[in-house]
Amino acid sequence: MILGRTLAIYLSNRFLKAILGLFLFAAVLMFLFDVLELVRRGGDREGFSVLRVALISLLRVPLLLEQVIPFTVLFGSIAAFVTLSRALELVVTRASGISVWQFSMPAVVVGTLLGIFSITVYNPAAVWFQQKSDEVATGLFGSDQTFLLQNTNEVWVRQDGLDGESVLLARQLLDGGTRLLGVTVFTFDKDGTFRERIEAEQARLGDEIWYLSDAIVYTTEQDPQPYGQYQVSTFLTATEVRESIGSPESISFWNLPRFIELARNAGLPAYRYNLQYQTLLARPLLLVAMILIAAAVSLKVSRFGGLGSMILGGILSGFVLYVLTELAKDFGGAGIVPPLVAAWAPGVFGVLMGLTILLHQEDG
């Protein structure tokens, strides 16, 4: 029997409402905990206000929520399957001759469309909101800014310039790599001798030079000297700065191909950014995998009961996929595994696992 259009729309709506409801619940929880944490960290700082902190958190929560999208799809689908089973709707549907593959198809379509929407619309919007959150938060959290923004890598970058080599660390990257906050620079003479350490509030990249603002210069020959403006020469470009310091998650889906191409043209490795791009492309497949796993662990409830075992099975399945995804990211980001393989392997594994369990349950 062919699944009718009305029934397909009805099932799609049930799955969509369950997934979105769980997603919104996760968003509210994340927002509340985030606001409380930011209030704890910034409550005694100049410029603090509850409204400002709430706005910072509200703007950055969408990007944080990207990490939980697969799990909201998994547990939302489990909730939808269980609700339909307990209301005997799936029992009646199966009694009418509709197979598990047919009434699972609306959920698969919903998952695919949500995956496409999340990478083409949601991700660019979330990155834009995060950038606005960075701007609102500038100067509020001081040295704790990395906790809030989490958009730079804790790495020292060696750079060369007209005056010699220097080593740089920044706690926040803005404006595509042309503006840094929380800057520390160690400079050396052309013969490699240490010259000075510079602590600055921010740095702007000019033509082969960093313009440092509110800097304090430490040397071995005199007491620390404050400077309103200070300069350090560099041959780095904005692309090289972004590749060395920036986080791939801070670049939107539509800008990643252009940035990967720029990095390659500059002779820089683009493993992390290519991995992020492929991971986003693979998200619809990963969401489909979550739905198939949800069907595999929840459809037995209508026959044999065991709600607790079903929930535990869903949690374990999600945990296995999460661990596999993180391992693949680590290997892909380090260049050990090709980014294409690292990004798509968890989704392929999840789909095969879900299909295998369903085939065993339904067709013996």
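What you see is a predicted model, and the numbers here were worked out from it, not measured in a lab.

### What to know about the sheet that holds strand S5 (residues 209-218)
Logical step 1: Strands sit in the order S1-S2-S3-S4-S5-S6 across an open sheet of six strands; the sheet is antiparallel. A single partner strand is all that each edge strand has here, and the edge strands are strand S1 (157-159) and strand S6 (225-233). With strand direction ignored, the average angle separating the axes of adjacent strands in the sheet is 35°.
Logical step 2: One ladder, built from nine bridges, connects strand S3 (residues 179-188) with strand S4 (residues 194-205); its direction is antiparallel. If you follow Val-185 over to S4, its bridge partner there is Ile-198.

### Here's the deal with empty space enclosed by the protein
Logical step 1: For the coordinates displayed, the defined rule picks out one cavity of 30 Å³ or more.
Logical step 2: Put simply, the largest cavity is a space of about 40 Å³.
Logical step 3: Lining of the largest cavity is provided by Asp-163, Gly-164, Glu-165, Ser-166, Thr-187, Arg-195, Val-232 and Ser-233.
Logical step 4: Of the residues belonging to the lining of the largest cavity, the class tally is one nonpolar, four polar and three charged.

### Thoughts on the layout of surface pockets
Logical step 1: The volume enclosed by the largest pocket comes to roughly 400 Å³.
Logical step 2: In terms of lining residues, the largest pocket is bounded by 21 residues, among which Pro-70, Thr-279, Leu-286, Thr-325 and Lys-329 are the most central.
Logical step 3: Sorting elements by how many residues they give to the lining of the largest pocket places helix H12 (residues 307-333) first, with five residues.
Logical step 4: Here the residues of the lining of the largest pocket sort into eleven nonpolar, five polar and five charged.

### Remarks on the nonpolar core
Logical step 1: In terms of nonpolar packing, the biggest core is built from 44 residues, with Phe-15, Leu-65, Phe-81, Phe-103, Leu-299 and Leu-358 touching the most fellow members.
Logical step 2: Where this core is concerned, the elements lending two or more residues are helix H1 (5-42), helix H2 (50-65), helix H3 (69-86), helix H5 (100-137), helix H10 (283-298) and helix H13 (339-363).
Logical step 3: When residues in this core are grouped by element, the largest group, twelve residues, is from H10.
Logical step 4: Those residues within four positions of Phe-15 in sequence are excluded, and the remaining contacts are Ser-77, Ala-80, Phe-81, Leu-84 and Ala-107.
Logical step 5: Counting 19 residues, the second largest nonpolar core, distinct from the first, contains Val-183, Ala-200, Val-232 and Val-241.

### Some details on the packing of H2 against H5
Logical step 1: Where H2 contacts H5, the two axes come as close as 8 Å, and the packing angle between them is 150°. One finds that H2 runs roughly antiparallel with respect to H5. Handedness of the H2/H5 crossing: left-handed. For the pair formed by H2 and H5, the contact residues are Arg-52, Leu-55, Ile-56, Leu-59, Arg-60, Pro-62, Leu-63 and Leu-65 on the first element and Tyr-122, Ala-126, Val-127, Phe-129, Gln-130, Lys-132, Ser-133, Val-136 and Ala-137 on the second.

### Regarding the pattern of salt bridges
Logical step 1: One pass over the full model with this rule turns up six salt bridges.
Logical step 2: Ionic pairing is found between Arg-40 and Glu-37, a salt bridge with its closest N-O pair at 2.5 Å. Placement of the pair is Arg-40 and Glu-37 together in helix H1, with a separation of three residues, close to one helical turn.
Logical step 3: Taking relative accessible area as the criterion, Glu-37 reaches 23% and is therefore assigned partly exposed.
Logical step 4: A salt bridge links Glu-199 to Arg-197, with the shortest nitrogen-to-oxygen separation between them at 2.6 Å.

### Regarding the packing of aromatic side chains
Each pair of aromatic rings is reported with the distance of its centres and the angle of its planes.
Logical step 1: All chains considered together, the criterion is met by nine aromatic pairs.
Logical step 2: Here the aromatic residues Phe-186, Phe-188 and Phe-194 are joined through ring pairs into a cluster of three or more.
Logical step 3: The ring of Tyr-218 is capped by Arg-197, whose NZ or CZ atom sits 4.2 Å from the centre of that ring.

### Points about the packing of H5 against H10
Logical step 1: With their axes 8 Å apart at the nearest point, H5 and H10 run at an angle of 150° to one another. Relative to H10, the element H5 lies roughly antiparallel. Handedness of the crossing formed by H5 with H10: right-handed. Of H10, the residues touching H5 (which contributes Ser-104, Ala-107, Val-108, Gly-111, Thr-112, Leu-114, Gly-115, Ile-116, Ser-118 and Ile-119) are Arg-283, Pro-284, Leu-287, Val-288, Ile-291, Leu-292 and Ala-295.
Logical step 2: Residues of the contact of H5 with H10, tallied by class, amount to eleven nonpolar, five polar and one charged.

What counts as what
- Residues numbered from 1 in each chain as written.
- Predicted model: local features only at pLDDT ≥ 70, side-chain atom pairs only at ≥ 80, totals over all residues.
- Heavy atoms only, no water.
- Pairing = 2+ DSSP bridges.
- Helix = DSSP H or I, 4+ residues; strand = E, 2+ residues; numbered from the N terminus.
- Axes fitted to C-alpha atoms, helices over the stretch in contact; angles between N-to-C directions.
- 1 Å grid on protein atoms, 1.4 Å probe; cavity = no way out; pocket = protein on both sides within 12 Å on 5 of 7 lines; lining within 4 Å.
- Points joined across faces, edges and corners; volume = space filled by probe spheres on them.
- Nonpolar A, V, L, I, M, F, W, Y, C, P; charged D, E, K, R; others polar.
- Core = buried A, V, L, I, M, F, W, Y, C linked by side-chain atoms within 4.5 Å.
- Buried < 20%, exposed > 50% of the residue type's maximum accessible area, 1.4 Å probe, protein only.
- Contact = heavy atoms within 4.5 Å.
- Parallel < 35°, antiparallel > 145°, perpendicular 65-115°, else oblique.
- Left-handed = near helix turned anticlockwise from the far one by under 90°.
- Salt bridge = Lys/Arg side-chain N within 4 Å of Asp/Glu carboxyl O.
- Phe/Tyr/Trp six-rings, centres within 6.5 Å; stacked < 30°, edge-to-face > 60°.
- Lys NZ or Arg CZ within 6 Å of the ring centre and 35° of its normal.

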